[in-house]
Amino acid sequence: MKIVITGGAGGTGSSTAFNLLCGPADHAGYEVVLVDTRPNMITSHSMDLENAEALGATASTVRGGTAEDALDADVVVVSAAVPLRLNTSRMVFLADNARIVRDVLEPLGTAAFQGVVLLLTNPVDPLVTWAHRQGWLPRHQLLGYTLNDSLRLRTGIAQTLGAHPREVDAWVLGEHGDGQVPLYDRVRVAGEPVSLTEAQRAAVEAYTGTWYTRHVALDSGRTSTWTTGLGAARMVGALAAGSEAPVPASVVLDGEYGVNGVSLGVPVTLDRAGAHVLEWDIGAERRHAMEQAAARVDDAVASLDDTLA
């Protein structure tokens, strides 16, 4: 399986490559190709990662490549983005990152690309929506990474309840941003349903609702490279092998959850054909929240069209 990582010299791209190399034995057939506008950094990462194979890393090969490598890839992981800067919303990166995404995806559309694109670049929901509207890829071949929202919810619940995060199952749908839709009625701890009190929910939301702004305020210049790299590698593994286990991902919706033509985070299953949306019964209130999130994303895409026109 050929996996091309654009932006492979950056923190998130190189973390994804490392986690692919350190994955389970069924990753042994992977050909990991790093692509970036900084060739010396790609060479540096490739030299380093090929030595990791001597420690037992499982991928067959890791090498540097060019943009043309993406044309026949099974999975293209897009992590390329403008540098992180101080902000309070991922939307500030929309126009600049759309130009980067266009450079990566437009050639795939021209070449009738048969693989799957996993977009890590933010703001992911407007970018997936906009890219799909360009006609480059059908919706099942284009998905955005939103797993971190659910992981942060699980961590916040674990800290509040004194549990281990691995014991917590909890989900965030909607926008990877202000339009998040947490599913508190689906929370499970150690396999058992749990109802949070108002005070507990407030404590959880104090953690999740401020995570992004607290992290960006550190002005470290880095994104959530470790979490995203591991999560993206797990999703690539599901795409490669096929999995019935649901994961959250941003996918253009076609009537599911009352949303049409806009990409939002929803539960999906993954295989080599791409994403398959699962429509859970989330209740009228949360469906309305999904519709509001979709309107927000749609407005962002409209502003992007005006900017790029």
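Residues numbered from 1 in each chain as written. Predicted model: local features only at pLDDT ≥ 70, side-chain atom pairs only at ≥ 80, totals over all residues. Heavy atoms only, no water.

**Details of the pattern of salt bridges**
Tallied over the full model, the rule gives 13 salt bridges. Residues Arg38 and Asp36 are paired through a salt bridge, measuring 3.1 Å at the closest nitrogen-oxygen approach. Two residues, Arg296 and Asp178, come together in a salt bridge whose shortest N-O distance is 3.4 Å. Here the residue Arg296 occupies a position in helix H9 (residues 283-308), and Asp178 occupies one in the loop between strand S8 (172-174) and strand S9 (180-182), the gap between them amounting to 118 residues. A network of salt bridges, in which partner residues are shared, links Lys2, Glu31, Arg63, Asp69 and Asp72. (Salt bridge = Lys/Arg side-chain N within 4 Å of Asp/Glu carboxyl O. Helix = DSSP H or I, 4+ residues; strand = E, 2+ residues; numbered from the N terminus.)

**Structural notes on the UniProt feature "domain: Lactate/malate dehydrogenase C-terminal" (unreviewed entry) in the protein chain**
The positions UniProt marks with the feature "domain: Lactate/malate dehydrogenase C-terminal" (unreviewed entry) are residues 149-296. For the annotated span residues 149-296, helix accounts for 42% and strand for 27% of the residues, and the straight-line distance between the end C-alpha atoms is 18 Å. (UniProt positions renumbered as here; feature names shortened; annotations may be inferred.)

**Notes on the pairing of strand S14 (residues 274-277)**
With four bridges joining them, strand S13 (residues 260-271) and S14 adopt antiparallel strand pairing. Each bridged residue has a counterpart across the sheet, and for Thr269 the counterpart in S14 is His276. Here S13 folds back onto S14 in antiparallel fashion, the turn holding two residues. (Pairing = 2+ DSSP bridges.)

**Quick look at the sheet that holds strand S10 (residues 188-189)**
With antiparallel pairing, the three strands of this open sheet are ordered in space as S7-S10-S11. Each end of this open sheet is capped by a strand with a single partner; those strands are strand S7 (168-169) and strand S11 (192-193). Pairing geometry for S10 and S11, over two bridges, is antiparallel. Directly across from Val189, in S11, lies its bridge partner Glu192.

**A few points about the nonpolar core**
Ranked by size, the top nonpolar core spans 77 residues in total, and within it Ile3, Leu105, Val117 and Leu264 carry the most contacts. Residue contributions to this core reach at least three from each of two domains, namely domain 1 (2-145) and domain 2 (147-308). Listed in part, the 11 residues of the second largest apolar core include Ile157, Ala170, Val187 and Val204. (Core = buried A, V, L, I, M, F, W, Y, C linked by side-chain atoms within 4.5 Å. Buried < 20%, exposed > 50% of the residue type's maximum accessible area, 1.4 Å probe, protein only. Domains from an automatic or database assignment.)

**What to know about the layout of surface pockets**
Roughly 1,100 Å³ of volume is contained in the largest pocket. Taken together, 47 residues form the lining of the largest pocket, with Ser79, Ala80, Ala81, Val82 and Thr121 sitting closest to its centre. In terms of residue count, the dominant contributor to the lining of the largest pocket is helix H3 (residues 94-110) (six residues). Here the lining of the largest pocket gathers at least three residues from each of two domains, domain 1 (2-145) and domain 2 (147-308). When its volume is computed, the second largest pocket comes out at roughly 590 Å³. (1 Å grid on protein atoms, 1.4 Å probe; cavity = no way out; pocket = protein on both sides within 12 Å on 5 of 7 lines; lining within 4 Å. Points joined across faces, edges and corners; volume = space filled by probe spheres on them.)

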